[in-house]
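# Residue-level structure breakdown
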Amino acid sequence: MEDINLHYRFQNWRRRIREIREVRALRYRERLKRMLRDGDILRYHGNSDEVGCFVAARPLSRRNRYYEVKITDTGVRGMIAVGLVPQFYKLDHQPGWLPHSVAFHADDGKLYNGNTVGQQFGPKCCRGDRIGCGICLDSDDGQLTVFFTKNGKEVGSVELPAFPDGLYPAVGMHSLGEEVLLDLNAEWVTEEDDGQMIVDSHEEDWGRLHDVKVTGTLLKYMGRGKSIMDVGLAQARRPLNTRFHYYELEITDAGEKCYIALGLARRDYPKNRHPGWSRGSIAYHADDGKLFKGSGVGDPFGPRCFEGDIMGCGIMFPRDYSVDGEDDVDDWDLEVFPKPIEVQNELYAGNEDEEEEEEGGEDVEGRKVMVFFTRNGKVVGRREVAVPEGGLYPTIGMMSVGEKVRVDLHPLSG
């Protein structure tokens, strides 16, 4: 009877994940008109009598608060606008012209705030300049602060009523030859009294980072990528539990070899071992589609994953499952795992103890749960795993130069 119930629950999970993926595919889709996109390059593709506009697929949020464009060609008139708009903004209008939109215009240095008449705001921008736009969500009065930058320095800000569905990065153009380089994952670094501050690093979501740099929800591999010891590891601060039981990553850059692994691991997992290679861990590896469960030898499991693919991992907890101290999962032993301040290359420094892994047995003692993996919203497969003391933590590994992934630790919660 338990097997039958588990089967039906598993089928329900597959259907739910598929439905969520279908809704997001429709909701999160970039829009553009009289514009051409070639990778990160946006070009005007009109006759200069009509506006071209690009609207990104996702709004700015607490996890991704800032973006930038670099002007690579001002074209005939340099009528380039950078700002924020509602999702279904009319694409034949420059950002900032219509209600609930705001934009900084490069040709005249004016701010357009829901009006075709702009206000003097900052300097004009030319070829080679970087224009940034970001948001601050710290206000409790329902207001949203939108700020703009030029070449990394803040130009100014404006208060707007918070829009219910969020505001989306938008770029407008209006003359032949205009071209920009778009960076939706940009970080804004400004000089402060105490040094440098990275806006929205979100390192607080992660318990451990080794040779991985965090920018919003983006993780970037910072290691050497020369040997199997050069693992970049990111482990979440909280284990999966009955409330948050699933997470995903999107491969935004496969790097040289796409040595990207997504899985779960015990809290004290070695930082120089790919997820799945050592006991108390399980992981789906993108480069070969194999499943590694506490062993350096993987089993054929699913398809390989490439740039643009979304990989997911979750736990199907038994109905009567309870996690001791589930409300206290934030209480890390900071002497053992200090909150990371900056990425440091710790390779070959004191790793000797971590290299000595127990090869006997894949699992550690604990209650069994069903771990499942997905690819682009479809369940690839599942395996039974014993939960170690303290739980199983979302753990991501990377191992070749250039690899980047975007992580959503709570995709089913909102």
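Here's a quick rundown of the structure. Bear in mind the structure is a predicted one, so any value in this text is a computation, not a measurement.

### Side note on the overall build of the protein chain
- A tally of regular secondary structure across the protein chain gives 2 helices and 30 strands.
- Classification of the 414 residues of the protein chain by burial places 52% in the buried group.
- Counting only contacts in the protein chain whose residues sit at least 6 apart along the sequence, the fraction spanning at least 24 positions is 67%.
- Summing over all exposed atoms, the protein chain offers an accessible surface of approximately 19800 Å²; the carbon and sulfur share of this is 46%.

### A few points about unusual backbone geometry
- The phi dihedral of Arg-34 is positive, around 55°, even though this residue is not glycine.
- Tracing the backbone shows Arg-34 in the loop between β1 (31–33) and β2 (35–38).
- Even without a glycine there, the phi angle at Ser-48 is positive, about 75°.
- Assignment of secondary structure puts Ser-48 in the loop between β3 (41–44) and β4 (52–55).

### Examining the pairing of strand β24 (residues 290–293)
- Pairing geometry for strand β23 (residues 281–285) and β24, over 3 bridges, is antiparallel. Across the sheet, the residue bridging to Tyr-284 is Leu-291, located in β24.
- Counting the residues that bridge the hairpin from β23 to β24 gives 4 residues, and of these Gly-289 lies at a positive phi of roughly 70°.
- Both β24 and strand β25 (residues 299–300) contribute to a ladder of 2 bridges, which runs antiparallel. Bridge pairing in β25 places Lys-290 opposite Pro-300.
- Connecting the antiparallel pair β24 and β25 is a turn made up of 5 residues, with Gly-294 showing a positive phi of about 65°.

### Observations regarding empty space enclosed by the protein
- What the rule picks out here adds up to 2 cavities of 30 Å³ or more.
- The wall of the largest cavity is formed by 10 residues, among which Arg-63, Trp-206, Gly-216, Thr-217 and Val-407 lie closest to the centre.
- Considering only residue class, the lining of the largest cavity consists of 5 nonpolar, 3 polar and 2 charged.

### What to know about the sheet that holds strand β10 (residues 130–136)
- One open sheet holds the 7 strands; their spatial order is β2-β3-β14-β5-β10-β11-β12, and the pairing between them is antiparallel. Edge positions in the sheet fall to β2 and β12 (153–161), since each of these pairs with one other strand and no more. Taken pair by pair, the neighbouring strands of this sheet meet at an average axis angle of 20°, ignoring direction.
- As defined by bridge partners, strand β5 (residues 66–74) adjoins strand β14 (residues 178–183) across 6 bridges and the pair is classed as antiparallel. Looking across to β14, one finds that Ile-71 is bridged to Val-180.

Parameters and conventions
- In this numbering scheme, every chain counts its residues from 1 along its sequence in written order.
- Reporting in this predicted model follows two pLDDT cut-offs: at least 70 for local features of residues, and 80 or more for side-chain atom pairs to be given and counted; totals over whole chains, interfaces and linings ignore these cut-offs and use all residues.
- Note that water and hydrogens are dropped before the side-chain values are worked out from all heavy atoms of the structure.
- Each helix corresponds to a stretch of at least 4 residues labelled H or I by DSSP, and each strand to a stretch of at least 2 residues labelled E; elements are numbered beginning at the N terminus.
- Each residue's exposure class comes from its accessible area (1.4 Å probe, protein chains only) as a fraction of the maximum for that residue type: buried when under 20%, exposed when over 50%, partly exposed otherwise.
- What makes two residues a contact is simply this: any of their non-hydrogen atoms within 4.5 Å.
- Under the convention used here, a 1.4 Å probe and the Shrake-Rupley method define accessible areas, while residue burial counts only the protein chains that appear.
- When DSSP finds two or more bridges between two strands, those strands count as paired.
- Buriedness of a pocket was judged along seven lines, with at least five required to meet protein on both sides within 12 Å; pockets are open sets of points on a 1 Å grid over the protein atoms alone, cavities are sets where a 1.4 Å probe fits but cannot get out, and lining residues have an atom within 4 Å of a point.
- Grid points are joined across faces, edges and corners, and a volume is the space filled by probe spheres set on the points.
- By the convention adopted, Pro, Cys, Tyr, Trp, Phe, Met, Ile, Leu, Val and Ala count as nonpolar, Lys, Arg, Asp and Glu as charged, and the other residues, Gly among them, as polar.
- Interaxial angles span 0 to 180 degrees and are taken between N-to-C directions of axes, which are lines fitted to C-alpha atoms, for helices over the stretch in contact.

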